Amino acid sequence: MKPNYKNWMPKGMIRGSAAGCAVCLVLFLVFGVSGLLAAGIWRTILTILFLVLTLVLLAVTVWMILLYRAFSYDGKRQLSRVIIDGVATRVVLPEGGCGLDVGCGSGALTIAVAKRNPKARMTGIDRWGAEYSSFSKTLCEENSKAEGVANTSFAKGDAVRLDFADETFDAVCSNYVYHNIPSRNRQEILMETLRVLKKGGTFAIHDIFSPLKYGDMQMFVQRLKNMGYADVRLVPTDDGLFMSRREATWLGLKGSAILVGKK
Ligand SMILES: C[S@@+](CC[C@H](N)C(=O)[O-])C[C@H]1O[C@@H](n2cnc3c(N)ncnc32)[C@H](O)[C@@H]1O
């Protein structure tokens, strides 16, 4: 059995956008081209409206298909695999230790870290909501089995309020999760993740750390240093490490970086 990590670009979203495009095209033909159901100024307004909507949704659909292809684990670029492996190399667990992957999706990072740290255990949590309906706890468990990895466990959970006591884990990691969470203060979500990290434990959190999504991350790095955290830094991954600047821009991943350090 082969693992199936699915795709960060859900097929349902591509289908939804394509369907919306088709509907707008039909409405453009009905109201605009045929002129059967509207006349005069209304015909002009509806023609322009549905033409613009058709073109916008067509562009969005094509962009989503290109994203799907770039992320695919079976495709040529395999960007997801590059990123997962790149983040996993930064998570080192002590023998008998335990790590947490926040927003594990289909289990890719949890399993990659568990493979690299066979004498430790990894837990993956995710809210597995409607927006990523192809990801599930069962899928994570099946992928773990397919990879021959037994030192993983998966549970439903929310990154905003983790169901773990303070200082539970030896390492915490995450990949492209927090920017998805609607919040005015994503730095506080990072603090929630760091709450469950043991003193001396390490973290590797990969996300789009743009000022729009996170505010001033340099100040956050300084805040952690002031709290006694060590070796805290943001390692950019959109400057050639995982992807080129150009690629990051068209993929919508500009600002990608790994926040690393030690509590
Ligand atoms: C782009 S996917 C990345 C999945 C996985 N980290 C990976 O690298 O393959 C984003 C994931 O974040 C999860 N997510 C979004 N909001 C969450 C929350 N509040 N708590 C936990 N997981 C969340 C989604 O369910 C989804 O699985």
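Quantities reported herein were computed from a predicted structural model and do not represent experimental measurements. (Residues numbered from 1 in each chain as written. Predicted model: local features only at pLDDT ≥ 70, side-chain atom pairs only at ≥ 80, totals over all residues.)

How should I be thinking about the pairing of strand E1 (residues 98-102) in this particular structure?
Two faces, one strand: in a regular strand the side chains alternate between the faces of the sheet. Taken across its five residues, E1 has four buried, putting it largely inside the fold. Of the pairings in the sheet, the one linking E1 to strand E2 (residues 121-126) comprises five bridges and is parallel in character. Across the sheet, the residue bridging to Val 102 is Ile 125, located in E2. Each parallel crossover has a hand, and the one from E1 via helix H4 (residues 108-116) to E2 is right-handed. Pairing of E1 with strand E4 (residues 169-175) involves four bridges; the strand directions are parallel. Bridge assignment links Gly 99 to a residue of E4, and that residue is Ala 171. (Buried ≥ 20, exposed ≤ 12 C-beta atoms within 10 Å, placed from the backbone. Helix = DSSP H or I, 4+ residues; strand = E, 2+ residues; numbered from the N terminus. Pairing = 2+ DSSP bridges. Right-handed = clockwise from strand over helix to strand, strands pointing away.)

Could you clarify how one ought to interpret unusual backbone geometry in this entry?
Apart from glycine, the bulk of residues carry a negative phi angle, and the bulk of peptide bonds sit in the trans form. Here Lys 6, not a glycine, exhibits a phi torsion of approximately 55°, which is positive. Counting through the fold element by element, Lys 6 comes out in the segment before helix H1 (11-34). In this model, Trp 128 sits at a positive phi of 45°, which is unusual for a non-glycine residue. Relative to the helices and strands, Trp 128 is located in the loop between E2 and helix H5 (137-146). Overall, Trp 128 belongs to the buried group, with 22 C-beta atoms counted inside 10 Å.

Got a minute to help me understand the sheet that holds strand E3 (residues 152-156) in this structure?
Taken in spatial order, the seven strands make up an open sheet running E3-E2-E1-E4-E5-E7-E6, and their pairing is mixed. Since the sheet does not close on itself, it has two edges, and those belong to E3 and strand E6 (230-236), each with one partner. Strand-to-strand twist in this sheet, taken as the mean axis angle between neighbours without regard to direction, amounts to 15°. Where helix H3 (residues 79-88) meets the sheet, it contacts E4, strand E5 (197-208) and strand E7 (256-262), and its direction lies at approximately 160° from that of E4. (Axes fitted to C-alpha atoms, helices over the stretch in contact; angles between N-to-C directions. Contact = placed C-beta atoms within 7 Å.)

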